[in-house]
Amino acid sequence: MPKPKQTREEALAFHMDPRPGKFDITPSVPMTTQSDLSLAYSPGVAVPCEEIAANPETAYDYTNKGNLVAVISNGTAVLGLGNLGALASKPVMEGKSVLFKRFADVNSIDIELDTEDPEQIIQAVKLMGPTFGGINLEDIKAPECFIIEQRLKEEMDIPVFHDDQHGTAVICAAGLINALHISGKKIEDCRIVLNGAGAAGIACLELIKSMGAQHDNCIMCDTKGVIYQGRTEGMNQWKSAHAAKTDARTLEEAMQDADVFLGVSAKGAVTGDMVASMAPNPVIFAMANPDPEITPEEAHAVREDAIVATGRSDYPNQVNNVLGFPYLFRGALDIHARAINDEMKIACARALAELAREDVPDEVALAYGQKLSFGRDYIIPTPFDPRLIYTIPPAVAKAGMDTGVARRPIVDMAGYEHDLKARMDPTAQILQGLYARARQAQATMVFAEGDDARVLRAAVAYQRGGFGRALVVGREEDVKQMLKEEGLTETATELEIINAANTEHLDAYKSFLYNRLQRSGHDQKDIHRLAARDRHAFSALMLAHGHADGLVTGATRKSAHVLDRINSVFDATAADGAVGVTALLHKGRIVFISDTLVHEWPDENDLADIAEAAARVARAMGIEPRVAFASFSTFGYPVSERASKMHLAPKVLDDRGVDFEYEGEMAVDVALNPDAMANYPFCRLTGPANVLVVPARHSASISVKLMQEMAGATVIGPILTGVDKPIQICSTVSTVNDILNMAILAACKVGQVN
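All figures in this text were calculated on a predicted structure; none of them were measured in a lab. (Residues numbered from 1 in each chain as written. Predicted model: local features only at pLDDT ≥ 70, side-chain atom pairs only at ≥ 80, totals over all residues. Heavy atoms only, no water.)

Asks: Lay out the pairing of strand β12 (residues 470–473) with the relevant residues and their values.
Replies: Burial along β12 is two-sided: Ala-470 and Val-472 facing one way and Leu-471 and Val-473 facing the other are all buried. Alignment of strand β11 (residues 445–447) against β12, held across 3 bridges, turns out to be parallel. The partner of Met-445 across the bridge, within β12, is Ala-470. Traced from β11 through helix α20 (residues 453–464) to β12, the parallel crossover comes out right-handed. (Buried < 20%, exposed > 50% of the residue type's maximum accessible area, 1.4 Å probe, protein only. Helix = DSSP H or I, 4+ residues; strand = E, 2+ residues; numbered from the N terminus. Pairing = 2+ DSSP bridges. Right-handed = clockwise from strand over helix to strand, strands pointing away.)

Asks: Residue-level account of the sheet that holds strand β17 (residues 626–630), with values.
Replies: With respect to topology, 6 strands assemble into an open sheet ordered β18-β17-β19-β16-β15-β20, the strand pairing being mixed. In this open sheet, the two edge strands, each paired with only one partner strand, are β18 (661–666) and β20 (714–721). With strand direction ignored, the average angle separating the axes of adjacent strands in the sheet is 20 degrees. As paired elements, strand β15 (residues 579–586) and β20 share 6 bridges and run antiparallel to each other. Within β20, the residue paired with Leu-584 across the bridge is Val-715. The sheet strands contacting helix α30 (residues 697–711) are β15, β16 (589–594) and β20, and the helix crosses β15 at an angle near 25 degrees. (Axes fitted to C-alpha atoms, helices over the stretch in contact; angles between N-to-C directions. Contact = heavy atoms within 4.5 Å.)

Asks: Report on the sheet that holds strand β1 (residues 68–73), specifying residues and quantitative values.
Replies: If you walk across this open sheet you meet the 4 strands as β2-β1-β3-β4, and the pairing is parallel. Looking at which strands have only one partner, the edges of the open sheet turn out to be β2 (107–112) and β4 (160–162). On average, each strand axis in the sheet is tilted by 25 degrees relative to the strand beside it, whichever way the strands run. Judged from the 4 bridges that link them, β1 and strand β3 (residues 134–137) form a sheet pairing that is parallel. The partner of Ala-70 across the bridge, within β3, is Ile-135. On top of the sheet, helix α8 (residues 163–183) reaches β3 and β4; it is set at about 80 degrees to β4, its chief contact.

Asks: Now, about unusual backbone geometry: what can you tell me, with residues and values included?
Replies: That bond from Ser-594 to Asp-595 is cis: its omega, 0 degrees, falls within 30 degrees of zero. In this chain, Tyr-637 is followed by Pro-638 through a cis amide linkage whose omega measures -5 degrees. Looking at where Pro-638 falls in the secondary structure, it is placed in the loop between β17 and α27 (644–656). Even without a glycine there, the phi angle at Asp-257 is positive, about 65 degrees. Structurally, Asp-257 is set in the loop between α11 (251–254) and β8 (260–263). Judged by its relative accessible area of 53%, Asp-257 falls in the exposed class. Despite not being glycine, His-336 has its phi angle at roughly 50 degrees, a positive value. By relative accessible area, which is 10% here, His-336 ends up buried.

Asks: Can you explain the nonpolar core? Please cite residues and give values.
Replies: Among the nonpolar cores identified, the biggest contains 97 residues, and Ile-72, Val-125, Ile-135, Leu-262, Phe-285, Met-344 and Leu-352 are the most heavily contacted of them. With 9 residues, the single largest contributor to this core is α8. Those residues within four positions of Leu-262 in sequence are excluded, and the remaining contacts are Cys-172, Ile-192, Val-193, Leu-194, Asn-195, Ile-208, Phe-285 and Met-287. Counting 66 residues, the second-largest nonpolar core is a separate cluster that includes Ala-443, Met-445, Ala-458 and Ile-739. (Core = buried A, V, L, I, M, F, W, Y, C linked by side-chain atoms within 4.5 Å.)

Shown next, in the form of structure tokens:
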């Protein structure tokens, strides 16, 4: 699949909109009434203060300490950029904080310390100890990082973890376990060469030695060559601990007959000749970023039997720290751990290795656009595997309990795994899967409104994101001028701009349209205006004639007007089976509301059709539908003529014998709240509804816009289904990301009838 391209402008815009930075802080308790405020602060707050003063362990019960990690840096080793200083490191640390939340539901705050003095950093972090359940050190240069971490581990009673060291080491160890399993080798027998004697390299070697690798079989190299016993140049106490008794003096000499190469150094450090000199079935982890020591193509050119991993996402076997640190901290926090020890890191590595050997769920394969199975090109799980959250933390927690660092051991491990599953954010998984499917589809997408800056930015994002080709409808000089105004001048040569008035296909389009509309009061002049001047109709004609694979429109005109123009080319009315389904994403939940676009006042048969269409859309997005026919009444009370059709619609589905759950009529709180639903034990839904079929289009529109404006829900839709071709109609308040999401849905053919 094409690798996404990103520009400086896109990166800066991402960090600036809708608000500067990457996260907000929101309260987890009500803060609306005077009573709420008096409980949250004075005088009610005095009670937990007294409890914690009497018993400090209760801080984990009455505050957010038990789920709060500090990401701390001084910016002296920022990614591959070097010493940028504390302030310039803040975007990276914010990013690390949101990764904690995204992958393991761990709250995190970034703290940048403006000093290079290890003692000042140690004192600052120690003084903040009461606030946090764990400390994640990040991007601090060696050797200071070793000093800081070791002292903090000794002097603090919460986990302190330098991810640049141990995160890489854990994932490297997980991959190595499986690579050696495939090659039929034992770690204690392997000759291992590591290039790169910085924080990550030393941590990798220390961890694999604790897993059984023999000191005499391990050779570490740095820019000056092999670290051997007796060497004095460029040495420190951490390198000296791994000095080998060997006659080898260069990396090339060290790699002769080696079983394993681990690289955390620099691009091009390893040559094909070096790989050729390795032992049979060599394991090569070239983890330098952004470019590995040797690419998989270069390694396989000389050794087909090599198992290769890198740090890059566009190659198989990515050594990605996000597989480790969120879940290590999740397990450590949940036992109120005093530390993250080697046993917990090894447990994490082994759990990751075992997970990679299991059958890969369909949703993971779907997200990556390929079938994944354990083997030479799949030795490490993928970062978006939903099983990580409930597989890795229990292994870490158990190791912590077994080694005595747990303040509060977990008694019910099965219940703990169930709770972890509930922490997963299904919406992120759904969107990730859709984006991967779109990249696989490589659809040519028409963006009808080339005179709108949001549409142009979405078209650029679609094409640069590797999803396919973007066609923009508009006048070339106008589009290029707008691109220039938006700081996207270079894109003018990338995007294909289509002018309706000048296209070579205009006569064919007009002929098609005239044959379709001549008996609907349209003369030749009307047809010309539609085909040559109306961008919505013209774009639909492009789609109808196979000149594109999908269409996105509606950002500049009301949906009713756009749908009318679409209907001049396609059959997209209620009578034709067209339905609009809107997805609401909010606080980790997704609910589909329909019909939000087509049916004005549906009867019970229409409602049954809408339910089937909405269920089809839900399944296309990876959700098993549970449909509720929503009303102000619940199962016949209060009685109302207006609610009768909602009562009858489920009976229509009964006669049709559909293959999804449905129930109704029911009030929204009953449909969505399991406690309220429990009052009706005869209810056929096995859980809260995720599809709401509402009485009319106006109620659907009110529901969606109320959730969007008052609750801040993310809205995707209305998703048009029941039309012959993939057409998606945005709302006029759509953001660039909203428009891009609609293009992704069109590319994935979500809602298409097979």
